[in-house]
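Working through the structure, step by step
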Amino acid sequence: MPLETDFDPDDEGLAHALRLLIDAKREPGTPHGDPVAPLDLPERWPDAGVGGSAALDVLAATALRRPTRLDHPGFFAHMDPPTPWMTWAATAWAAAMNQNLLHPDSAPAARLLERRVIEWLAPSFGMDGGHLVPGSTVANLTALWAARELTGARRVVASAVSHLSVAKAAAILGLEYVAVPVDERERMRVDALPDDLSDAIVVLTAGTTAAGAVDPLDAASTAAWRHVDAAWAGPLRLSSHAAVLDGIERADSVAVSAHKWFYQPKESALVLFADAERAHAAISIGGGYLVAPNVGLLGSHGAAALPLAATLLAWGRDGLRARIDADMALAERLAARIAAEPALELFAPPETGVVVWRVRGVDNAAVRDGVDGAWVSTTTVHDEVWLRSVAANPHADPDLVVDAVLAAR
Ligand SMILES: *Cc1c(COP(=O)(O)O)cnc(C)c1O
């Protein structure tokens with residue numbers, strides 16, 4: 001067969017691949033995946049190829065049958081959502097066209113599409129633009145880089161429970177990292193902020209990773225720059241619970257992970273700026289072979305905006321709001337059930353869909369390991385281990401999860 005054939009559509013191969021995907025998704029799977037089965041692949045890369053369809057058949061066992069099923073009713077655990085079907089198709093389209101957003105001439109439409117998606121979303125956060133990055137780790141680093149360039153700030157001030165990517169960004173940028181103590185609900189204690197913030201980038205977290213806490217978003221108005229890390233809870237701004245994020249619109253920059261509560265496949269996140277033109281100019285570097293300057297941290301990168309645009313168009317504002325509201329209702333149902341069980345303790349009413357809870361009087365890490373047919377994560381809050389359930393799975397069943405935890409204690 002001519003060598004170039006594999007670069008053309010293979011109707012049968014693609015139909016077969018799609019069939020494998022649909023069949024695997026229709027099977028219930030488990031909330032734990034299968035961590036112990038050996039990898040069904042030769043140890044040494046074979047000299048002879050087997051062809052595309054056979055390769056996918058081999059990989060199906062690993063890629064489609066073994067994963068932890070984020071859409072299982074017992075999966076009420078991490079910030080990783082199941083993804084809607086139109087993103088699977090859009091991701092395949094993006095792979096097939098393989099546009100490089102670094103180059104306007106080879107990716108004209110993909111660049112416009114990304115800009116349009118940013119135009120749709122940025123105003124909800126009070127921002128006027130930005131760009132897509134592979135995660136909020138990169139979004140936080142990008143925002144802090146722009147902040148350092150534009151303000152000359154020397155310090156990053158964030159709560160003691162801010163995401164590790166904030167300290168990581170400070171280290172990369174050569175900035176001092178100052179941790180501010182938190183209150184009993186894990187919110188930044190504004191009274192403990194340094195008095196002089198004129199040389200500080202203050203990072204406020206909207207939805208901490210451990211407990212879902214929201215820092216007072218109107219704090220630190222005298223800071224040289226205010227960045228809101230809304231990696232998890234940012235999409236709440238588009239829900240009926242938008243008021244939880246009041247004040248975010250006064251930030252200089254915002255990070256939101258689309259692969260969390262916008263239900264996107266990884267890797268997809270937004271870094272947004274109040275003045276994107278100025279921020280982008282501060283983090284742009286030209287190169288002789290580039291028609292347009294390279295903005296931000298990424299070099300070659302693909303069309304993550306395509307699955308996001310498909311989702312936003314498919315659902316509209318109303319559909320997205322309804323889905324986030326429904327996840328919030330699941331978190332509230334879970335919290336209500338926990339509060340009604342004498343053996344269980346609720347850390348606090350969930351504000352951002354993150355439910356922190358535990359079985360009273362036992363080692364909760366061991367409880368988590370013993371849960372069968374469901375999956376919760378663990379988190380450390382005030383030096384104690386708690387269970388954590390994040391409402392990112394529309395299929396999650398709060399009662400199934402509580403019953404499984406009670407059975408495991
Ligand atoms: C998840 C998270 C991050 C990091 O985002 P990634 O998309 O995983 O890189 C940063 N901050 C907070 C609060 C998060 O929850």
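Residues numbered from 1 in each chain as written. Predicted model: local features only at pLDDT ≥ 70, side-chain atom pairs only at ≥ 80, totals over all residues. Heavy atoms only, no water.

Concerning a nonpolar patch on the surface
Nonpolar side chains collect at one region of the surface, where Leu39, Leu41, Leu56, Val58 and Leu59 lie side by side and expose about 400 Å² of accessible area between them. Positionally, leucine 59 belongs in helix H2 (residues 52-65). Judged by relative accessible area, leucine 59 falls into the partly exposed class, the value being 38%. (Patch = residues over 30% accessible without salt bridge, like charges linked within 9 Å, V, L, I, M, F, W, Y side chains within 5 Å. Areas by Shrake-Rupley, 256 points an atom, 1.4 Å probe, with all protein chains shown as cover. Salt bridge = Lys/Arg side-chain N within 4 Å of Asp/Glu carboxyl O. Helix = DSSP H or I, 4+ residues; strand = E, 2+ residues; numbered from the N terminus. Buried < 20%, exposed > 50% of the residue type's maximum accessible area, 1.4 Å probe, protein only.)

Quick word on the packing of helix H3 (residues 85-97) against helix H9 (residues 305-340)
Orientation of H3 relative to H9, taken along the N-to-C sense of each, is 145 degrees, at an axis distance of 8 Å. Remark: the crossing between H3 and H9 carries right-handed chirality. In contact with Met86, Thr87, Ala90, Thr91, Trp93 and Ala94 of H3, H9 contributes Leu306, Pro307, Ala310, Thr311, Ala314 and Trp315. Tallied by class, the residues present in the contact of H3 with H9 amount to nine nonpolar, three polar and no charged. (Axes fitted to C-alpha atoms, helices over the stretch in contact; angles between N-to-C directions. Left-handed = near helix turned anticlockwise from the far one by under 90°. Contact = heavy atoms within 4.5 Å. Nonpolar A, V, L, I, M, F, W, Y, C, P; charged D, E, K, R; others polar.)

Remarks on the nonpolar core
If you look at the biggest cluster of nonpolar residues, it comprises 58 residues, and the most contacted ones within it are Val228, Val254, Phe262 and Leu270. Per element, the largest residue contribution to this core is eight residues, and it comes from H9. In terms of nonpolar packing, the next biggest core, distinct from the first, is built from 26 residues, Leu141, Ala153, Ala279 and Ile283 among them. (Core = buried A, V, L, I, M, F, W, Y, C linked by side-chain atoms within 4.5 Å.)

Some thoughts on the sheet that holds strand S12 (residues 377-381)
What the four strands build is an open sheet, ordered S10-S11-S13-S12; its pairing is antiparallel. Pairing within the sheet leaves two strands with one partner each, and these edge strands are strand S10 (344-346) and S12. Averaged over all neighbouring strand pairs, the angle between strand axes comes to 40 degrees, with direction disregarded. The sheet contact formed by strand S11 (residues 354-359) and strand S13 (residues 384-390) spans four bridges and is antiparallel. (Pairing = 2+ DSSP bridges.)

Quick look at the site of the ligand
Of all residues adjacent to the ligand, which total 15 residues, the nearest are Thr137, Asp229, Ser257, His259 and Lys260. Burial of the ligand by the protein amounts to 88% of the accessible area it has alone, namely 380 Å². Going through the elements one at a time, helix H5 (136-151) and helix H7 (258-261) are the ones with two or more residues in the shell around the ligand. Looking at the shell around the ligand element by element, the count peaks at three residues for H5. Looking at the shell around the ligand residue by residue, the classes come out as two nonpolar, eleven polar and two charged. (Near = heavy atom within 4 Å.)

Some thoughts on the pattern of salt bridges
Here the structure, examined in full by the defined rule, presents 23 salt bridges. For aspartate 80, the salt bridge goes to lysine 266, with nearest N and O atoms at 3.1 Å. You can see aspartate 80 sitting in the loop between H2 and H3 and its partner lysine 266 sitting in the loop between H7 and strand S7 (269-273), a full 186 residues away along the chain. Connected through salt bridges with shared partners, the residues Arg333, Arg337, Glu341, Asp399 and Asp403 form a single ionic network.

Structural notes on the packing of H5 against helix H6 (residues 164-173)
Direction vectors running N to C along H5 and H6 enclose 45 degrees, while the axes themselves pass 9 Å from each other. As the angle between them shows, H5 and H6 are arranged oblique. Judged by the sense of rotation from one axis to the other, the crossing of H5 with H6 is right-handed. Residues Ser136, Thr137, Asn140, Leu141, Leu144, Trp145 and Arg148 of H5 pack against Ser165, Val166, Lys168, Ala169, Ile172 and Leu173 of H6. Split into classes, the residues belonging to the contact of H5 with H6 amount to seven nonpolar, four polar and two charged. (Parallel < 35°, antiparallel > 145°, perpendicular 65-115°, else oblique.)

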